[in-house]
Amino acid sequence: ASVHTFMSNMLYACSMLYRAKLPMVVVLNKTDVVGCEFVKEWMEDYESFQEALDDASSSGNGYSDEMAGGSGYYSSLTRSLSLVL
């Protein structure tokens, strides 16, 4: 599971929430393939999301050095957005 994909999806969901001014329901599908416990933890605990982001930044996860590194633009943007959400 990618922390960057999670943050991107949550940001999109929040923009739809504010645009439509309707209640939001978060649905996690394909939980039989990958459990959803880590996503629930990320939504409830800011520090666990930051730890997952640190792990993803240090491992690279197949991204280029600029995207994966802790000082890269994408990681910095994800950290900033996590403060907002």
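Residues numbered from 1 in each chain as written. Predicted model: local features only at pLDDT ≥ 70, side-chain atom pairs only at ≥ 80, totals over all residues. Heavy atoms only, no water.

Chemist: Could you give me a rundown of unusual backbone geometry, with the residues and numbers involved?
Modeler: Phi is positive for K21, which is not a glycine, with a value near 55°. In this fold, K21 is placed in the loop between α1 (3–20) and α2 (37–44). A relative accessible area of 72% places K21 in the exposed class. (Helix = DSSP H or I, 4+ residues; strand = E, 2+ residues; numbered from the N terminus. Buried < 20%, exposed > 50% of the residue type's maximum accessible area, 1.4 Å probe, protein only.)

Chemist: Let's hear about the side chain of S48: which residues, and what values?
Modeler: Within the secondary structure, S48 sits in helix α3 (residues 46–59). Using a relative accessible area of 8% as the deciding quantity, one classes S48 as buried. Those residues in contact with S48, other than ones at most four positions away along the chain, are E41 and W42. (Contact = heavy atoms within 4.5 Å.)

Chemist: Would you mind going over the confidence of the model for the protein chain in detail, with residue names and values included?
Modeler: Chain-level pLDDT for the protein chain is 76 on average; 80% of the residues reach the 70-or-more range. For the protein chain, the element scoring lowest by mean pLDDT is helix α4 (residues 65–68), at 45; α2 scores highest, at 87. Confidence drops under pLDDT 50 across residues 62–70; counting only partners more than four residues distant or on other chains, this segment forms 16 contacts. (pLDDT = per-residue confidence, 0-100.)

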